[in-house]
Structure formats: C-alpha cells, structure tokens
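# Reading the structure
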Amino acid sequence: MFNYATYPDREAVYEILGFGKLPEFSAFAATAGVFRFGWGPVLQQLAAGPGTHIDDIAENVERGAAEESFDTPTGHIAAGTIAAMRSTLTGYVDGKPTFVIDHATRMHDDIASDWPHKLSSPLAP
C-alpha cells in the first residue's frame, strides 16, 4: 500500500502510473503483463522457499477515479481522473490461490476505500 501524493518523481506518478489522467489514458503500469513481468519472479521465489511450484499466475489491474478534485504536493488531480491503481498477482498451486502480491496505490487515502489500507496477514501486527 502506498500513497503517491508526495512521491518526488512526477513522470512516474502522472505518466507511468497514469494518475491525474482520464481513464482512457493507456498508462504503462496498467498495461497487461507489466505487473507480472516485474513481480512474477518474486511470486516464484516465495513459492520456491517451501519447495512449492506455482502452476499458473493470474494478473489483475484495477484503477479508480477521484470523485472530487484535489491538489497534492506534486500536482492537481481532477474529478473523474485516475487517482488509484491496484495490481494483484495470484499464484495458483493445484488450482488453488496460494500466493498473492497485492499492490494498492493511491493519490489520497480516501480513494478506493474498499481496497487494502494496511498489511493483512497472520504475521502482521
């Protein structure tokens, strides 16, 4: 989980992630296969630790628009433009979802409130 409102790299936030852009904008980070390319090896390493083999990986990318306009230290987010993105990789073992990497990013903590806001794991405090 990450709030990009103060992230210092404007190009990453607005061009690569597509925050502040209309939903039709083809953001590189939302392109099918990009999240799997970057994080798929991590999923495989998680599985390799206990000697498990992942049979299949599913990738899902969701984007959320701002309902209201707001300003951040790096720029303006207009209502109706992208202000959140959630990328999820699920590794399946014997047909069951077993390993998950869930990356929820926002420009404001109130956007996509139904997405995770904190680590949810039996190991989390």
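Up top is the structure.
Scope of this entry: the structure provided in the associated data block. Fair warning: this is a prediction, and the values are worked out from it, not measured in the lab.

What counts as what
- Residue numbers here run from 1 along each chain, matching the order of that chain's written sequence.
- In view of the model being predicted, local features appear only for residues whose pLDDT reaches at least 70, and side-chain atom pairs are presented and counted only at 80 or more, with totals across whole chains, interfaces and linings using the full set of residues.
- Think of the side-chain values as coming from all heavy atoms in the structure, minus any hydrogens and water.
- Where helices and strands are cited, they refer to DSSP runs of H or I of at least four residues and of E of at least two residues respectively, numbered from the N terminus.
- Burial classification: accessible surface area is computed with a 1.4 Å probe over protein chains only, and a residue below 20% of its type maximum counts as buried, one above 50% as exposed, and the rest as partly exposed.
- In this description, contact between two residues means that some pair of their heavy atoms is separated by no more than 4.5 Å.
- Surface accessibility in these figures is a Shrake-Rupley result with a 1.4 Å probe; residues are shielded only by whichever protein chains are displayed.
- Working rule for helices: expected span equals 1.5 Å times residues minus one.
- Each residue is assigned a bend, namely the angle between axes fitted to the seven residues that terminate at it and the seven residues that start at it.
- When DSSP locates at least two bridges between a pair of strands, those strands are taken to pair.
- Salt bridges are identified by distance alone: a Lys or Arg side-chain nitrogen within 4 Å of an Asp or Glu carboxyl oxygen.

## Quick look at the overall build of the protein chain
Each helix and strand in the protein chain was counted, giving two helices and six strands. N-terminal to C-terminal, the α/β element order of the protein chain is β-α-α-β-β-β-β-β. The C-alpha extent of the protein chain, read off along each of the three principal axes, is 45 × 35 × 25 Å. The buried share of the protein chain, taken over its 125 residues, is 36%. In the protein chain, once contacts between residues fewer than 6 apart in sequence are set aside, the share between residues at least 24 apart is 59%. Put simply, the protein chain shows about 7500 Å² of open surface, and 55% of that area lies on carbon and sulfur atoms.

## Side note on helix α2 (residues 34-48)
Look at α2: 22 Å from first C-alpha to last across 15 residues, which is about the 21 Å you get at 1.5 Å a residue. Its axis deflected by about 45° at G40, α2 carries its strongest bend there, up to four residues before the proline P41. Listed in full, the buried residues belonging to α2 are F35, G40, L43 and A47. At its buried positions, α2 is contacted by β2 (56-65), β5 (82-93) and β6 (96-106).

## Considering the sheet that holds β6
Taken in spatial order, the four strands line up as β1-β6-β5-β2 in an open sheet, and their pairing is mixed. The open sheet has two edge strands, β1 (2-3) and β2, and neither has a second partner. Relative to β6, β1 runs parallel, the two being bridged by two bridges. Along β6, the bridge assignment pairs F2 with T105.

## Here we look at the pattern of salt bridges
A complete count under the given rule lists two salt bridges for this structure. Of the charged contacts in the structure, one is a salt bridge between E15 and K21, with a shortest N-O distance of 3.0 Å. On the accessibility criterion, E15 (38% relative accessible area) is partly exposed. Residue D102 is joined to R86 by a salt bridge in which the shortest nitrogen-to-oxygen separation is 2.6 Å. Placement of the pair is D102 in strand β6 and R86 in strand β5, with a sequence separation of 16 residues.

## Digging into the side chain of S87
One can find S87 in strand β5. The class of S87 is buried, set by a relative accessible area of 2%. If we skip the residues at most four places from it in the chain, S87 touches F35, N60, V61, I101, D102 and H103.

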